[in-house]
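Close look at the chain arrangement
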Amino acid sequence: MFPLTEENKHVAQLLLSTGTCPRCIFRFCGVDFHAPYKLPYKELLNELRKFLETEKDELILEVMNPPPKKIRLQELADSIDNLSQNGEGRISVTQDGSIASKNSNLNVCNVCLGILQEFCEKDFVKKVCQKVEASGFEFTSLVFSVSFPPQLSVREVRSFACIKLYVKKQSLSLGRDDIVQLKEAYKWITHPLFSEELGVPIDGKSLFEVSVVFAHPETVEDCHFLAAICPDCFKPAKNKQSVFTRMAVMKALNKIKEEDFLKQFPCPPNSPKAVCTVLEIECAHGAVFVAGRYNKYSRNLPQTPWIIDGERKLESSVEELISDHLLAVFKAESFNFSSSGREDVDVRTLGNGRPFAIELVNPHRVHFTSQEIKELQQKINNSSNKIQVRDLQLVTREAIGHMKEGEEEKTKTYSALIWTDKVIQKKDTEFLNDIKDLKIDQKTPLRVLHRRPLAVRARVIHSMETQYVDEHHFRLRLKTQAGTYIKEFVHGDFGRTKPNIGSLMNVTADILELDVESVDVDWPPALDD
């Protein structure tokens, strides 16, 4: 059943005569059910022509010339009403459906610029799908997004304004004050076609996105008059090639007075010579996240690449020893590494390891069995004796928050080998065992002042346990609040950490070795190996 009614006939005749495609006519007439839009374009055009046939042999519709820039609102209404003015631009719609035109090109829609013509037909969808299939991405659903030229909004508003003037002048009823949005109509037509061609559902929550960007250079100046009337709407922005973005144009259209708009832009919009061009078809997959815990056994390995003034100091890092394997297997473009705290290059991380998470950007492969993840973990562990990974697993972005939340409140356990300048006996260290929840103030250490802001941070040493080694050495096992600078707590950092082991023992103390024995963060969940 054809979706238009007798009430729509005058508007449909006006739009078709001025170069508007059938699907845009449906939008302007408020057709908000999907089926009519999905019909093949040629079939739609033939059905529309039949609908507009009259009992006479021929219905003549005249297209007015573009109005002068300073035309008044009433003059515009009169010119629309008197379509046969000067006898120019005549378009004949005959009973057999043929169209004859002297100076109008009806091939390309003057509103959608071809978007709802050839760019939502099966042939175009197949071309996009071929690119998707050749991209090498793994996906079980997809989001399909489109970017239309901003001038489409100008043309749409202009056409609708003309319709309202025409309807008012003819004392007709428009029936509604809004139209079906172009993106909505495009989605109704193309989503089923993409789903059928690729064999997967269209899902707004999918991490895999196929995006198509359209442009129309021929009409790019349609928006320029808005900048003169609403200059505040068009401010240069970073990463934007043009100030005429869709959002800026829509903002200006909402602010501009209707009479100013009608003076500036031809009514109806001129028909272009060519359809839109496709600037790009891109496929991208949202990031996936892998988490685990790592042990570091080397005292010559930084957590992240150690580069100073562009010069690399050490050949590898914990981050790279793990992420290189993940990048290869997930076929990702890049990664972001994060962890629950960090250790210095000369500090080992023992015990159950330090929690970490890696964001893999734009991965092409995303589906893995638990066995495949175990094999990946084993591959990482076999590749180096400097680190080991455990509990490797896929996690969500939200779950990573568990690693960071309460970081300051968590506790960490360390083991340090300490040297003193004075000769000590076992009894000289035993009093440290009795100190509980010692509060200290730590000014930002000199060694990290180049990358951390200057501040005094209050920290807590929850407990200490000593083991006498010889008259100049003892081991200190201590449990502290996360974020405590252990080296500075031992030697005092020239008085920047108070109190410290040196001041408590009335000696000059220094730290020779430091190990992280446990990071008390219950994430990620432990797995059975």
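Keep in mind that this is a model prediction, so the values were computed, not measured.

Let's talk about the overall build of the protein chain
Scanning the protein chain from N- to C-terminus turns up 17 helices and 18 strands. A burial count over the protein chain gives 50% of its 529 residues as buried. Total accessible area computed for the protein chain in this model is approximately 26,800 Å², and 48% of it derives from carbon and sulfur atoms.

Regarding the side chain of Asp-391
With respect to the element layout, Asp-391 can be found in strand 12 (residues 387-395). In this structure, Asp-391 is buried with no salt-bridge partner, the nearest side chain bearing the opposite charge being Arg-293 at 5.1 Å.

Some words on the packing of aromatic side chains
One pass over the structure, following the stated rule, counts 18 aromatic pairs. With a centroid separation of 6.3 Å and an interplanar angle of 20 degrees, the aromatic rings of Phe-144 and Tyr-186 are classed as stacked. Taken as a pair, Phe-144 in strand 4 (residues 143-147) and Tyr-186 in helix 8 (residues 182-198) lie far apart in primary sequence, 42 residues in all. Each member of the pair Phe-144 and Tyr-186 is classed as buried. Consider the rings of Tyr-294 and Phe-356, whose centres lie 6.1 Å apart with planes at 50 degrees: the pair is tilted. Placement of the pair is Tyr-294 in strand 7 (residues 288-296) and Phe-356 in strand 11 (residues 348-361), with a sequence separation of 62 residues. With relative accessibility at 0%, the residue Phe-356 sits in the buried group. Among the aromatic residues, those joined into a cluster by ring pairs are Phe-119, Phe-124, Phe-144, Phe-148, Tyr-186, Phe-194 and Phe-214.

Observations concerning the packing of helix 1 (residues 9-17) against helix 7 (residues 151-169)
The N-to-C vectors of helix 1 and helix 7 enclose an angle of 135 degrees; their axes lie 11 Å apart at closest approach. One way to sum up the angle between helix 1 and helix 7 is to call them oblique. The way helix 1 lies across helix 7 gives a crossing that is right-handed. Contact with helix 1, carried on its side by His-10, Val-11, Leu-14 and Leu-15, involves Ile-163, Tyr-166 and Val-167 of helix 7 and no other residues of that element. Residues belonging to the contact of helix 1 with helix 7 are distributed by class as follows: 6 nonpolar, 1 polar and no charged.

A word on the environment of Val-132
Structurally, the position occupied by Val-132 is in helix 6 (residues 122-134). Remark: the alpha-carbon pair of Val-132 and Glu-209, spanning 77 residues in sequence, is separated by 9.8 Å.

Let's talk about the packing of helix 7 against helix 10 (residues 246-255)
Where helix 7 contacts helix 10, the two axes come as close as 9 Å, and the packing angle between them is 25 degrees. When the interaxial angle is binned, helix 7 and helix 10 end up roughly parallel. Contacts between helix 7 and helix 10 involve Ser-153, Val-154 and Val-157 from the former and Val-249, Met-250 and Leu-253 from the latter. In terms of residue class, the contact of helix 7 with helix 10 is made up of 5 nonpolar, 1 polar and no charged.

The rules behind each value
- Residues numbered from 1 in each chain as written.
- Predicted model: local features only at pLDDT ≥ 70, side-chain atom pairs only at ≥ 80, totals over all residues.
- Heavy atoms only, no water.
- Helix = DSSP H or I, 4+ residues; strand = E, 2+ residues; numbered from the N terminus.
- Buried < 20%, exposed > 50% of the residue type's maximum accessible area, 1.4 Å probe, protein only.
- Areas by Shrake-Rupley, 256 points an atom, 1.4 Å probe, with all protein chains shown as cover.
- Lys, Arg positive; Asp, Glu negative; His and termini not counted.
- Salt bridge = Lys/Arg side-chain N within 4 Å of Asp/Glu carboxyl O.
- Phe/Tyr/Trp six-rings, centres within 6.5 Å; stacked < 30°, edge-to-face > 60°.
- Axes fitted to C-alpha atoms, helices over the stretch in contact; angles between N-to-C directions.
- Parallel < 35°, antiparallel > 145°, perpendicular 65-115°, else oblique.
- Left-handed = near helix turned anticlockwise from the far one by under 90°.
- Contact = heavy atoms within 4.5 Å.
- Nonpolar A, V, L, I, M, F, W, Y, C, P; charged D, E, K, R; others polar.

It is worth stressing that arrangement in space is one thing and function is another; only the former is reported here.
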